[in-house]
Amino acid sequence: SSAVMLVRRTALDEVGLLDENIFLYMDDVDLCHRMRLGGYRVTYTGDVTATHFMGSSSARSETSKASPAAIRSLLSWYRRTHGPVRAVLFRFIVATGFAARSAGYAANAARTPHSPQRRAAWQRSSAHLRNLSIAMKGTR
């Protein structure tokens, strides 16, 4: 998450500000991508502390860390920056990841005795199936 960024004004003048066509989630990735393409170095500093309330800008289920808006934004950005052919492959990879996670949680729930953990595993499995559905629909 790039809730806090320090960027040189001259770099912003050259590569542009955050893209207003990207509402949430990928605007920072897009800016960093354009910075690197423009010859600038993008670094991470882990010794700085900031409080950021992740996901407070959009709804997500209690059992899934990925919001539907974030998945759609990722797929849209990837298609725009890497083209439609690579985007189809990327969408397949993302969907495969959600399918694998869903299957893993379902298998865990099936072998867990009736308990809160079993219910939580089924809920996580369902959440990943919803994300799989979003990833398969992709963007046009």
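Chemist: Explanation requested: the overall build of the protein chain in the structure shown.
Modeler: In terms of regular secondary structure, the protein chain is built from five helices and zero strands. Listing each helix as α and each strand as β along the protein chain from the N terminus yields α-α-α-α-α. Across the 140 residues of the protein chain, 29% fall into the buried class. Residue pairs at least 24 apart in sequence account for 62% of intrachain contacts in the protein chain once pairs closer than 6 positions are excluded.

Chemist: Help me out: how do you make sense of the side chain of D27 in this one?
Modeler: Here D27 is to be found in helix 2 (residues 27–37). Buried charged residue D27 carries no salt bridge. Nearest counter-charge: R34, at 8.9 Å.

Chemist: What exactly am I supposed to notice about the pattern of salt bridges here?
Modeler: As a working rule, side chains carrying opposite charge can pair if their charged atoms are close by. Scanning all chains against the criterion turns up four salt bridges. Ionic pairing is found between R9 and D13, a salt bridge with its closest N-O pair at 3.0 Å. Here R9 pairs with D13, and both are found in helix 1 (residues 9–15), just four residues apart, close to one helical turn. With respect to class, R9 is no different from D13; both count as exposed. Put simply, D19 and R80 hold a salt bridge, and the shortest N to O gap is 2.8 Å. Linking D19 in the loop between helix 1 and helix 2 with R80 in helix 3 (residues 68–82), this pair joins segments that are 61 residues apart in sequence. A relative accessible area of 16% means that D19 is categorised as buried.

Chemist: What is the right way to read helix 2 from this model?
Modeler: Along an α-helix, a turn takes 3.6 residues, which lines up residues three or four apart on a common side. Among the residues of helix 2, D27, D28, D30, L31 and M35 are the ones counted as buried. Down the axis of helix 2, the smallest arc covering the buried residues is 160°, so these residues share one side. The outward face of helix 2, more than 90 degrees from its buried face, is lined by the exposed residues R36 and L37. Considering only its buried residues, helix 2 is in contact with helix 1 and helix 3. After helix 2 finishes, the residue G39 shows a positive phi value of roughly 95°.

Chemist: Sorry, what's going on with helix 3 here?
Modeler: The end-to-end C-alpha distance of helix 3, which contains 15 residues, comes to 21 Å, matching closely the 21 Å that a straight helix rising 1.5 Å per residue would cover. The set of residues buried in helix 3 consists of A70, I71, S73, L75, W77 and Y78. In this structure, the buried side of helix 3 is in contact with helix 2, helix 4 (84–111) and helix 5 (116–137).

Chemist: Any chance you could explain the environment of D27 here in plain terms?
Modeler: Between the C-alpha atoms of D27 and S73, which are 46 residues apart in sequence, the distance is 9.0 Å. Here D27 is in contact with L18 and I22, once residues within four sequence places are set aside.

Chemist: Any chance you could explain the confidence of the model for the protein chain here in plain terms?
Modeler: Close inspection of predicted coordinates is inappropriate for parts of the model with low pLDDT. Summary statistics for the protein chain give a mean pLDDT of 80 and a share of 87% for residues scoring 70 or more. Of all secondary-structure elements in the protein chain, the lowest mean pLDDT belongs to helix 5, at 75, while helix 1 reaches the highest, 95.

About the cut-offs
Numbers given to residues run from 1 along each chain, matching the order in which its sequence is written. At least 70 in pLDDT is required for a residue's local features to be given in this predicted model, at least 80 for side-chain atom pairs to be given and counted, and no such filter applies to totals for whole chains, interfaces and linings, which use all residues. Think of the side-chain values as coming from all heavy atoms in the structure, minus any hydrogens and water. The secondary structure listing takes helices from DSSP runs of H or I that are at least 4 residues long and strands from runs of E that are at least 2 residues long, numbered from the N terminus. When accessible area is computed with a 1.4 Å probe and restricted to protein chains, residues below 20% of their type maximum are described as buried, those above 50% as exposed, and intermediate ones as partly exposed. Note on contacts: a residue pair is in contact if any heavy atoms of the two residues lie within 4.5 Å. The sign given to each residue is positive for Lys and Arg and negative for Asp and Glu; His and the chain ends receive no count. Each salt bridge in this description consists of a side-chain nitrogen of Lys or Arg and a carboxyl oxygen of Asp or Glu lying within 4 Å of one another. To obtain the arc, one takes the directions from the helix axis to the C-beta atoms. A helix is expected to span 1.5 Å multiplied by its residue count minus one. Every residue carries a pLDDT, the predictor's confidence in it, which falls somewhere between 0 and 100.

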